[in-house]
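Inside the fold
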Amino acid sequence: MENNVNGTEYPRQGMLFGDVLANITPETGYRGRVACQAAGITYRQLDYWARTGLVEPSIRTAQGSGSQRLYSFRDILVLKVVKRLLDTGVSLQQIRIAVSHLKDRGVDDLSSITLMSDGASVYECRSRDEMIDLIEGGQGVFGIAVGHVWREIEGSLAHLPSEEAAPIIPVHDELAERRRQRRSAS
């Protein structure tokens, strides 16, 4: 737990390997372009994955035209894992299963996970024995050590801008209100 400028305590976003990003708070986020750069994806991929619910920003979602999504460190980690799985030919259906599995894991759990795949299914391995069993059974073709990806993201983000999520102030959209009134009157 740490204190912010108001003296309020909050938990830090977990870092696994040192203090490369020591000042990260739960409100610290990265805009879409920075998330793309750190994860090695295009903005079009990022937007599509957010709109379809594959990887949504956990700090701030889009609130209409012109609003900025803010992605957490963990979100960017998942983006990079998704990219690697796609690059190896894993189906989007299997990637969705893997992503939901990653979302359920705590910070400490992620450091020990290796995702293995045969190109069709994704398997979670926590030990070398599990990886060897998959390979010997003909199921494991490649692996993604999530802890290694975590370190890559830390190194990338250490040199990229972040921002604190400010509270979103709702804007009264008079034109949209008039349209709603006309539709309800019809």
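For the structure itself, look to the data block above.
Residues numbered from 1 in each chain as written. Predicted model: local features only at pLDDT ≥ 70, side-chain atom pairs only at ≥ 80, totals over all residues. Heavy atoms only, no water.

Some remarks on the environment of methionine 131
- Checked against the element boundaries, methionine 131 lands in helix H6 (residues 128–136).
- In this structure, methionine 131 is in contact with Thr114, Met116 and Cys125, ignoring residues within four places of it in sequence. (Helix = DSSP H or I, 4+ residues; strand = E, 2+ residues; numbered from the N terminus. Contact = heavy atoms within 4.5 Å.)

Some thoughts on the packing of aromatic side chains
- Per the counting criterion, the structure on display carries 0 aromatic pairs.
- Of note, arginine 33 hangs over the ring of tyrosine 43, and the distance from its end group to the ring centre comes to 4.3 Å. (Phe/Tyr/Trp six-rings, centres within 6.5 Å; stacked < 30°, edge-to-face > 60°. Lys NZ or Arg CZ within 6 Å of the ring centre and 35° of its normal.)

Remarks on a negative patch on the surface
- A contiguous patch of negative charge, built from Asp129, Glu130, Asp133 and Glu136, is present on the exposed surface.
- Tracing the chain through its elements places aspartate 129 in helix H6. (Patch = residues over 30% accessible without salt bridge, like charges linked within 9 Å, V, L, I, M, F, W, Y side chains within 5 Å. Areas by Shrake-Rupley, 256 points an atom, 1.4 Å probe, with all protein chains shown as cover. Salt bridge = Lys/Arg side-chain N within 4 Å of Asp/Glu carboxyl O. Lys, Arg positive; Asp, Glu negative; His and termini not counted. Charge placed at Lys NZ, Arg CZ, Asp CG, Glu CD.)

Quick notes on the packing of helix H1 (residues 32–39) against helix H3 (residues 73–87)
- Contact pair H1 / H3: the axes reach a minimum separation of 9 Å and the direction vectors enclose 50 degrees. Relative to H3, the element H1 lies oblique. Our pair here, H1 against H3, has a crossing hand that is right-handed. Residues Ala35, Ala38 and Ala39 of H1 form the contact with H3, whose own contacting residues are Ile76, Leu79, Lys80 and Lys83.
- Residues that form the contact of H1 with H3 fall into these classes: 5 nonpolar, no polar and 2 charged. (Axes fitted to C-alpha atoms, helices over the stretch in contact; angles between N-to-C directions. Parallel < 35°, antiparallel > 145°, perpendicular 65-115°, else oblique. Left-handed = near helix turned anticlockwise from the far one by under 90°. Nonpolar A, V, L, I, M, F, W, Y, C, P; charged D, E, K, R; others polar.)

Comments concerning the pattern of salt bridges
- Taken as a whole, this structure holds 7 salt bridges when the rule is applied.
- Between lysine 83 and aspartate 87 there is a salt bridge, and its shortest N-O distance comes to 2.9 Å. One end of the pair is lysine 83 and the other is aspartate 87, both in helix H3 and 4 residues apart, which spans about a single turn.
- Aspartate 87 gets classed as exposed once you look at its relative accessible area, which sits at 54%.
- The partner of arginine 180 in a salt bridge is glutamate 177, and the shortest N-O contact between them spans 3.1 Å. Of the two residues, arginine 180 and glutamate 177 both sit in helix H8 (residues 174–185), 3 residues apart, roughly one turn of that helix.
- We classify arginine 180 as partly exposed; its relative accessible area is 46%. (Buried < 20%, exposed > 50% of the residue type's maximum accessible area, 1.4 Å probe, protein only.)

Re the nonpolar core
- Formed by 38 residues in total, the largest nonpolar core has its most connected members in Ile76, Leu79, Val82, Leu85, Leu115 and Leu157.
- Of all the secondary structure elements, the ones that give two or more residues to this core are H1, helix H2 (43–51), H3, helix H4 (92–103), strand E7 (142–145) and helix H7 (146–157).
- By residue number, the principal contributor to this core is H3, which donates 8 residues.
- Once residues within four sequence positions are removed from consideration, leucine 115 is found in contact with Val81, Leu102, Val122, Tyr123, Glu124, Phe142, Gly143, Ile144 and Val146. (Core = buried A, V, L, I, M, F, W, Y, C linked by side-chain atoms within 4.5 Å.)

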